[in-house]
Amino acid sequence: MSLVNDMLRDLERRNERSTAAANQQGVKAAQPIEPPAPNPLPRLILWGIGLLAICTTGWLLWQEYALADNNRALPVAAVAPAPAVQPEPVVIEQIQWAGSDQAGDLVVRLNGAADIQLLNQSATEIEVAFEDVALNTPLPVISSQLVADLQIRSLDQRQILTLSTRRGSQFSFKVQHNPSTLILGVIPAVAEEASVPSDPVVMEKPDSEVAKPVAVQKETLRNGAALQVQSEAEPIKRTPQPVSKSIQQLSDAKVAQRARSLVNKGQLEQAEAFLWQEIRKQPKQMLAARVLLITLQLSAGDTAAAQALLDRSLPRHPEDAALKKLQARLWISQGQPAQAQALLMPNRPGLKADPEYHELLASAYQQQGAYESAARVYYQLLQQNNQVPRWWIGMGYALEQAQRYAEARNAYQSGLQIPMMAQNLKNYARQRLQALAGR
């Protein structure tokens, strides 16, 4: 018990010491540590961003609904419909002349479908209308003494093409589709016969020989009973066999002469039939007959028949300039100038011997965009004869496309100085000089 009391007294003493030490000056009591207050700035920024997003969303929704209400309030007429897609306009994009002084084709190509109508036709003029079509190409320079003028004028939403010739001609009208293409064939009613020398005696002799068997045949039909009692020798002499033999022996030149004589009389079908007959009889010799027949077919617009005959004729006479020129013209009219150039390049005749051959080669160069080569050919032609206006105009056009404007102006002006220059060439040269002014 005493031990317990001693322990209690000892605890009381210790408590008194602790209280006294706490009351001493300079001794601080232990203080509780409080956590620091959080920073409110990040929270305020987040609240501000959220509030701004809510306001922006509300404003955008209000604008969308307000615009929808305005559109509903407008009358139907006030709402503009979406513009319809306009179809591409149909234009004349290319005009070409494929021919010579004897005959040829005027080819007019469009970029789409169009209504093409024949308006008027006379012995020396033809008019063709293109409905709802625009002109997007210059008129070509036609290097042919057959064509007098070529004009196009606009009238009542249409283009009217007028082709005039210097002498009475026959016109063929052919239209191809997808896209629309007009092929206007021209052949003079009186063909020139400069390539074959005229000989009245030679021409009259075949005609007189042809007349004899016809008369004998008529007499035989009228007097058959009387002829039966005659000897067999006389009828043999009067049979048409010698005439048939004479016709078979006609030379190529004479066949071409007789066919041209039929053409001069307007008997084109008879001329073609006669040429076919002689070609079949002597297929290896009838070169001039083939050339004339192909020319007639091209002038009539029968390009398929002309091409078929060319395919059979060129292998027989691969170096003949006349056949090569006909094939080249056909290819150029069909838009194949590269093939025409490849055909014309080898074994070319001399400039003096066949200037038309080289002029056709220049046209093939121009259609391929080889304007420097075309200008060089025209220059060579003019070195031989500087009095041909169409060569000056052709060279001027080639130089102009090659951007040699000063030389092009000189070429056009040189052509205008030739007194006998055709009116259509004059108009074209003056037009180009105005366009080149200041270049």
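An account of the accompanying structure is given in this report. (Residues numbered from 1 in each chain as written. Predicted model: local features only at pLDDT ≥ 70, side-chain atom pairs only at ≥ 80, totals over all residues. Heavy atoms only, no water.)

**Some details on the packing of aromatic side chains**
Here comes step 1: Evaluated as defined, the whole model comprises 2 aromatic pairs.
Here comes step 2: Taken together, a centroid distance of 6.4 Å and an interplanar angle of 80° make the contact between Tyr 371 and Tyr 397 edge-to-face. Linking Tyr 371 in helix α14 (residues 371-384) with Tyr 397 in helix α15 (residues 389-401), this pair joins segments that are 26 residues apart in sequence.
Here comes step 3: Geometrically, the ring pair formed by Tyr 412 and Tyr 428 is edge-to-face, given 6.4 Å between the ring centres and 75° between the ring planes. Here the residue Tyr 412 occupies a position in helix α16 (residues 405-416), and Tyr 428 occupies one in helix α17 (residues 423-436), the gap between them amounting to 16 residues.
Here comes step 4: The class for Tyr 412 is buried, based on a relative accessible area of 0%.
Here comes step 5: Assessed through its relative accessible area of 8%, Tyr 428 is described here as buried. (Phe/Tyr/Trp six-rings, centres within 6.5 Å; stacked < 30°, edge-to-face > 60°. Helix = DSSP H or I, 4+ residues; strand = E, 2+ residues; numbered from the N terminus. Buried < 20%, exposed > 50% of the residue type's maximum accessible area, 1.4 Å probe, protein only.)

**Comments concerning the sheet that holds strand β8 (residues 169-176)**
Here comes step 1: With mixed pairing, 5 strands are arranged side by side in an open sheet as β5-β1-β2-β9-β8. Each edge of the open sheet carries a strand with a single partner, namely β5 (134-135) and β8.
Here comes step 2: Judged from the 2 bridges that link them, strand β1 (residues 91-99) and β5 form a sheet pairing that is parallel. Within the sheet, the bridge partner assigned to Ile 92 lies in β5 and is Leu 135.
Here comes step 3: Where helix α11 (residues 321-333) meets the sheet, its contacts fall on β1 and β2 (104-110), and the angle it forms with β1 comes to roughly 175°. (Pairing = 2+ DSSP bridges. Contact = heavy atoms within 4.5 Å. Axes fitted to C-alpha atoms, helices over the stretch in contact; angles between N-to-C directions.)

**Overview of the nonpolar core**
Here comes step 1: Residues Ile 393, Met 395 and Tyr 412 are the most contacted members of the largest nonpolar core, which totals 37 residues.
Here comes step 2: When contributions to this core are tallied by element, the ones reaching two or more residues are α11, α12 (337-344), α13 (355-367), α14, α15, α16 and α17.
Here comes step 3: Once residues within four sequence positions are removed from consideration, Ile 393 is found in contact with Val 141, Tyr 412, Met 421, Leu 425, Tyr 428 and Ala 429.
Here comes step 4: Grouped together as the second largest cluster of nonpolar side chains are 27 residues, Leu 250, Ile 279, Leu 287 and Leu 292 included. (Core = buried A, V, L, I, M, F, W, Y, C linked by side-chain atoms within 4.5 Å.)

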